[in-house]
Amino acid sequence: MKAIILLFCAGVLFYSSYGQEATIKIPGSVHDINSNAPLVNANIHIKDKKLGAITNDLGQFFLISNTLPVTLVFSYVGYESQEYTVEFEPLQPITIKMQPKTELLKGVVITTEKIDTVYRDRHYSVMDYELLSEGILLLIYRYSLNRSEIIFNDYDGNSIASMNTLPGKPLRLYKDCLGEIHLFTKIKSYQIFFEAKKLKLYPPTDLNEFIQTIQYCELFHHGKLYYHEKGYLDLINLYYSIDTNNKQKHLFYTVKDQDKLDFLVYNPENLSMLNPDFAPSLSLLRGLPSDSAILDKIRDIEVEKRFNQMAYFPSIYAPMYKFGDSTVIFNHPNSSIDFFNQEDSLVQSTAINYHLIKNKDIQNLVSSLTRNDKWQEEVFIDQGTKKAYTSFINLNGTKIVKEINLKTGQLIRAIKIPFPYVEKIQFRNGFMYYIYKGWGENQKKKLFRQQLY
């Protein structure tokens, strides 16, 4: 399995090896004709031969041929196949623009709802935003962050307040579990507040200390703070509530990835590999030429550990939200949505399967790794409409957002985002918000709003 994953991560794959006489180099790239987005894993082969390649994450490919002319055949799921004849060795990479097929994908609703540009400016780009009850707080910038501002607009686009001078170079906005907004710079965190029709900043705190304090706090509900702690290689989440009146702490739920925990029990060599101490100690270094071998071993082990953590033992994704009077945990490791009442007692579980890879056998492993609708480990809640959504990404970078029926656990409708590689999706009162830049160096990041109903 590891070998197969590495093949897909390597960039460009060749279907067969070339002989010593192969000397003609054919580089190029493949893009969507409308958006110019790169098409990842598009297939290219030389007509009437078994030589070919697939594109990498940037849509690029590289072929070698020992004869000319040759005809290249380009194919991609959901696009019209295309041929291109190479008569002379190209002096620069060729560019192929592919046309999407006109038929709709089965089971996908292509939305025709209105899409508004909430914020755009010929000089400023949107770095980040947060949705508040009164309006939208936007962090905007120009000149490679040499000038940054925060603006506060209502949902009709009217200006409420602005802050034209910010301390340091901003990184992002952050909404904490109490609903307060913070501005992160490289080393400081500033809480933003609105007073007398002006935006102001509280005195800063150290960013690392702030993150350590607040990062696992999930929400404030029923007069209680809810948060989680990570346990045992991040394969366990412990969920707590703290009553703000009597300061009592209560562990009310535990989520485990039992399959991976069981695997580690029966495969202790994998467990030892994930142990933080599984590596030669730097104390062995003596300032001698032999140190290079120790350093090489440390690097190899660290790379292996990171690969195992990323590919086989990623941190579990089980977010918690407030939903009406209930507290809800999307328990993906155990394939359920779990509902808790005001006393933090489990009152209902709804089975789900949208997060599971459909093709689990070895024969279909390759197709499962390159599914056209890969789940993104994202769950969104629209508190206004009391609806939940999750997202899937296509090979061309566009996303499909699907509504989750919280009573049945099934996906009941799908909404396509027409732009590829959008950033920071949020929902409010039947609208979906996201940032999109577009293709080209002169494009600015803009905030869009897509109507769902």
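Structure first, text after, so check above.
Predicted model, so just to flag it, every value in this text is computed and none were measured.

What counts, and at which threshold
- Residues numbered from 1 in each chain as written.
- Predicted model: local features only at pLDDT ≥ 70, side-chain atom pairs only at ≥ 80, totals over all residues.
- Heavy atoms only, no water.
- Core = buried A, V, L, I, M, F, W, Y, C linked by side-chain atoms within 4.5 Å.
- Buried < 20%, exposed > 50% of the residue type's maximum accessible area, 1.4 Å probe, protein only.
- Helix = DSSP H or I, 4+ residues; strand = E, 2+ residues; numbered from the N terminus.
- Pairing = 2+ DSSP bridges.
- Axes fitted to C-alpha atoms, helices over the stretch in contact; angles between N-to-C directions.
- Disulfide = S-S within 2.5 Å.
- Salt bridge = Lys/Arg side-chain N within 4 Å of Asp/Glu carboxyl O.
- Arc of directions from axis to C-beta.
- Contact = heavy atoms within 4.5 Å.
- Polar contact = N/O pair within 3.5 Å; in protein donor to acceptor, adjacent residues only side chain to side chain.

Engineer: Before we move on, could you go through the nonpolar core and cite the residues and values that matter?
Structural biologist: Within soluble globular proteins, side chains that are nonpolar generally end up buried alongside one another. Among the nonpolar cores identified, the biggest contains 21 residues, and Ile26, Val30, Phe61, Leu63, Leu72, Phe74 and Met98 are the most heavily contacted of them. Of all the elements in the fold, those that place two or more residues in this core are strand 1 (24-32), strand 2 (43-46), strand 4 (60-65), strand 5 (70-75) and strand 7 (94-98).

Engineer: I'd like a rundown of the sheet that holds strand 10 (residues 136-142), residues and numbers included.
Structural biologist: Spatially, the 4 strands line up as an open sheet ordered 9-10-11-12, and their pairing is antiparallel. A single partner strand is all that each edge strand has here, and the edge strands are strand 9 (125-131) and strand 12 (159-163). Direction aside, the axes of adjacent strands within the sheet are offset by 20 degrees on average. Pairing between strand 10 and strand 11 (residues 147-153): 7 bridges, direction antiparallel. Note that in strand 11 the partner of Arg142 across the bridge is Arg147.

Engineer: With reference to specific residues and values, describe the state of the cysteines.
Structural biologist: All told, the structure shown has 1 disulfide when counted by the stated rule. Put simply, Cys177 and Cys217 are joined by a disulfide, and their sulfur atoms are 2.0 Å apart. Taking the sign of the S-S torsion, 90 degrees for the link of Cys177 and Cys217, the bridge is right-handed. Placement of Cys177 in the loop between strand 13 (170-175) and strand 14 (181-185) and of Cys217 in strand 18 (residues 217-221) is noted, with a sequence separation of 40 residues between them. Accessibility expressed as a relative area gives 16% for Cys217, which makes it buried.

Engineer: Which residues make up the pattern of salt bridges, and what values go with them?
Structural biologist: Counted by the stated rule, this structure contains 13 salt bridges. The salt bridge partner of Lys424 is Asp128, with a shortest N-O separation of 2.7 Å. With Lys424 in strand 30 (residues 423-428) and Asp128 in strand 9, the pair connects residues that are 296 residues apart, well separated along the chain. The exposure class assigned to Lys424 is partly exposed, which follows from its relative accessible area of 28%. Overlapping salt bridges, with partners in common, bring together Lys114, Asp116 and Arg449 in one network.

Engineer: Can you lay out helix 2 (residues 207-214) for me, pointing to particular residues and giving the numbers?
Structural biologist: When helix 2 is considered as a whole, its buried residues turn out to be Leu207, Phe210 and Ile214. Buried residues along helix 2 cover an arc of 65 degrees about the axis, so they all sit on one side. Pointing more than 90 degrees away from the buried face of helix 2 are the exposed residues Asn208, Glu209, Gln212 and Thr213. On its buried face, helix 2 is in contact with strand 13, strand 14, strand 15 (188-195), strand 17 (205-206) and strand 18. One side-chain oxygen at the N-terminal end of helix 2 lies 3.1 Å from the backbone nitrogen of Asn208; it belongs to Asp206.

Engineer: Report on the sheet that holds strand 18, specifying residues and quantitative values.
Structural biologist: Strand order across the open sheet formed by 4 strands is 18-19-20-21, with antiparallel pairing between neighbours. Edge positions in the sheet fall to strand 18 and strand 21 (249-256), since each has one partner strand and no second. Across the sheet, the mean angle from the axis of one strand to that of its neighbour is 20 degrees, orientation sign disregarded. In terms of strand pairing, strand 19 (residues 224-231) meets strand 20 (residues 236-243) through 8 bridges, oriented antiparallel. In the sheet register, His228 faces strand 20, and the bridge partner there is Tyr239.

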